[in-house]
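# Overview (structure and organization)
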Amino acid sequence: MLNVQIVIKKWVLYVRLDGELDQYTVDGLRTRIVELIEKYQIRYLVINCEQLEFMDSSGVGFIIGRFNRLKKVNGAVLLCSMNEHIYRLVYLSGLHRICIIKNDEEEVDKFLGVA
Amino acid sequence: MRNFVEMKFSAKLRNVVFARAAAAGFLLEHDLRLNIVNEIKTIISEAVTNCIVHGYLSNEEELVYMSLEIVDDKLIIKVVDTGTGIEDIEKAREPLYSTREFEERSGLGFTIMDIFSDELTVLSTPGEGTTIIAVKNIEYDAV
């Protein structure tokens with residue numbers, strides 16, 4: 001199960017994930033996020049993992065997909081508030097080399113200048 | 001010490017969460033460290049998802065077989081499908097290789113299973129199915 005909370009500030013899309021991100025839950029999430037990115041001309045996607053308990057390679061695929069899309073508008077994917085398991089997966093899959101990693105949303109806001 | 005459980009379930013993606021939770025439940029009384037349990041859940045998630053998406057091409061009428069066995073300080077995870085099988089196992093195990101790139105899959109499933117397992121065996125015959133056997137050394141919390 002995955003609960004998703006969404007906030008949009010200017011060109012930044014905040015996605016707060018609560019639960020488990022796997023092949024079953026990623027499809028619904030992808031549909032929503034892809035639509036929002038196009039509709040609101042989003043440049044930065046912030047994925048807040050504070051309540052995300054589990055992720056597998058399906059989640060990695062999803063993040064790579066959004067990175068490729070936002071790269072075209074000189075944007076980026078930011079990941080924050082990851083637990084040890086999520087961080088390890090991010091590191092092992094090399095996502096830390098293509099995403100911006102922050103400790104929490106406050107740091108993200110400072111970085112993006114949208115506070 | 002020996003402990004064993006086996007199960008069969010429909011090849012539905014919604015059952016991947018069941019497979020992970022069943023493993024976590026089986027291991028609960030063994031008092032494993034949380035990061036070990038998370039690695040085991042990830043191995044199972046990748047293996048079962050592969051059975052459903054690749055082995056059975058999302059045919060939900062099919063069945064996935066899973067067994068978990070503890071022998072002393074090792075957990076042996078076995079995940080079996082009787083689906084399409086893998087033509088080239090070496091290729092399938094390469095990082096970032098995916099037969100279905102257009103579906104936005106990372107191609108990292110096998111790599112992650114490899115990293116999180118202490119031994120990983122992949123047996124597959126095209127047209128007959130695939131068996132994954134992952135062995136995980138389990139460390140107990142000092143009491």
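Residues numbered from 1 in each chain as written. Chains lettered and ligands numbered in written order. Predicted model: local features only at pLDDT ≥ 70, side-chain atom pairs only at ≥ 80, totals over all residues.

## Side note on the interface of chain A and chain B
With 17 residues of chain A at the interface, the matching set in chain B holds 19 residues. The set of elements that each furnish at least two residues to the side of chain A that touches chain B consists of helix 1 (23-39), helix 2 (57-71) and helix 3 (84-92) of chain A. Examining the composition of the side of chain A that touches chain B, we find that seven residues originate from one element, helix 2 of chain A, more than from any other. For the side of chain A that touches chain B, the per-class residue count stands at six nonpolar, seven polar and four charged. (Contact = placed C-beta atoms within 7 Å. Helix = DSSP H or I, 4+ residues; strand = E, 2+ residues; numbered from the N terminus. Nonpolar A, V, L, I, M, F, W, Y, C, P; charged D, E, K, R; others polar.)

## Focus: the sheet that holds strand 5 (residues 100-102) of chain A
All names here are of chain A. A sheet is described by the order of its strands in space; here five strands give the open sequence 1-2-3-4-5, paired in mixed fashion. Pairing within the sheet leaves two strands with one partner each, and these edge strands are strand 1 (2-9) and strand 5. Taken over all neighbouring pairs, the strand axes of this sheet differ in orientation by 20 degrees on average, direction set aside. Bridging between strand 3 (residues 44-55) and strand 4 (residues 76-80) involves five bridges; their strand directions are parallel. Bridge pairing in strand 4 places Tyr44 opposite Ala76. This element, helix 1, spans strand 1, strand 2 (12-21) and strand 3 of the sheet and lies at about 175 degrees to strand 2. Seen against the sheet, helix 4 (residues 105-112) touches strand 2, strand 3, strand 4 and strand 5 and runs at an angle of roughly 150 degrees to strand 4. (Pairing = 2+ DSSP bridges. Axes fitted to C-alpha atoms, helices over the stretch in contact; angles between N-to-C directions.)

## Some points on the sheet that holds strand 2 (residues 63-71) of chain B
Hydrogen bonds between backbone groups are what pair the strands of a sheet, and the pairing can be parallel or antiparallel. All names here are of chain B. Read across the sheet, five strands follow the order 1-2-3-5-4 without closing on themselves; strand pairing throughout is antiparallel. A strand with exactly one partner marks an edge of an open sheet, and here the two such strands are strand 1 (2-10) and strand 4 (119-125). Between one strand axis and the next, the sheet turns through 10 degrees on average, direction left out of account. Inspection of the sheet shows strand 2 paired to strand 3 (residues 74-81) by seven bridges, in the antiparallel sense. Its bridge partner lying in strand 3, Met66 is registered against Val79. Where helix 2 (residues 34-55) meets the sheet, it contacts strand 2, strand 3 and strand 5 (129-137), and its direction lies at approximately 10 degrees from that of strand 3.

## Comments concerning the environment of Ile100 of chain A
Residue and element names in this part refer to chain A. Among the secondary structure elements, Ile100 is positioned in strand 5. In this structure, the C-alpha to C-alpha distance between Ile100 and Leu78, residues 22 residues apart in sequence, is 4.6 Å. Discounting chain neighbours no more than four positions away, the residues touching Ile100 are Ala76 and Leu78.

In short, the description is geometric, and any link to function would need to be established separately.
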